[in-house]
Amino acid sequence: MRVWGAAYELVGQEMITEALDHLGVRECLLGGYITVMTPFQDRSPDSQPFEVLMFTATEENSLFLGPASLDALA
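Residues numbered from 1 in each chain as written. Predicted model: local features only at pLDDT ≥ 70, side-chain atom pairs only at ≥ 80, totals over all residues. Heavy atoms only, no water.

(A) Here's a closer look at the overall build of the protein. Secondary structure assignment for the protein yields two helices and four strands. When the helices and strands of the protein are placed in sequence order, the string is β-β-α-β-β-α. With the C-alpha coordinates aligned to their principal axes, the bounding extent of the protein is approximately 35 × 30 × 15 Å. The buried share of the protein, reckoned over its 74 residues, is 11%. For the protein, restricting intrachain contacts to residue pairs at least 6 apart in sequence, the fraction spanning at least 24 positions comes to 30%. Entry remark: accessible area of the protein is about 6,100 Å², with carbon and sulfur atoms responsible for 59%. (Helix = DSSP H or I, 4+ residues; strand = E, 2+ residues; numbered from the N terminus. Buried < 20%, exposed > 50% of the residue type's maximum accessible area, 1.4 Å probe, protein only. Contact = heavy atoms within 4.5 Å. Areas by Shrake-Rupley, 256 points an atom, 1.4 Å probe, with all protein chains shown as cover.)

(B) Focus on the side chain of Thr58. Within the secondary structure, Thr58 sits in the loop between strand S4 (50-57) and helix H2 (70-73). Among the polar contacts made by the side chain of Thr58, one reaches the side chain of Glu60 at a distance of 3.0 Å. Dropping the residues within four chain positions of it, Thr58 is found in contact with Gly32, Tyr33, Ile34 and Phe64. (Polar contact = N/O pair within 3.5 Å; in protein donor to acceptor, adjacent residues only side chain to side chain.)

(C) Region of the structure containing the side chain of Ser47. As for its position among the elements, Ser47 is in the loop between strand S3 (33-40) and S4. Ser47 sits in the buried class, given a relative accessible area of 12%. Side chain to side chain, Ser47 and Asp42 meet in a polar contact 3.1 Å long. At 3.0 Å, the side chain of Ser47 and the backbone oxygen of Ser44 are in polar contact.

(D) Representation of the environment of Leu30 within the structure. Structurally, Leu30 is set in the loop between helix H1 (13-29) and S3. Here Leu30 falls in the exposed class, since its relative accessible area comes to 70%.

Now the structure itself:
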């Protein structure tokens, strides 16, 4: 597994299934998040963007900031 900041690469069907099962419950059912697909590009100068699954807080989430600066979101 490679880690880019808060991004993780899951390799293999078993790893993907386990992560999505866990995150689907923790983030979406219990935590006030939705999932969206979005382009992602790591910091390598020769990298190409690719689609990733991103968890985004909803207004029901106690950590939801609404419109906020990148510093506040980070």
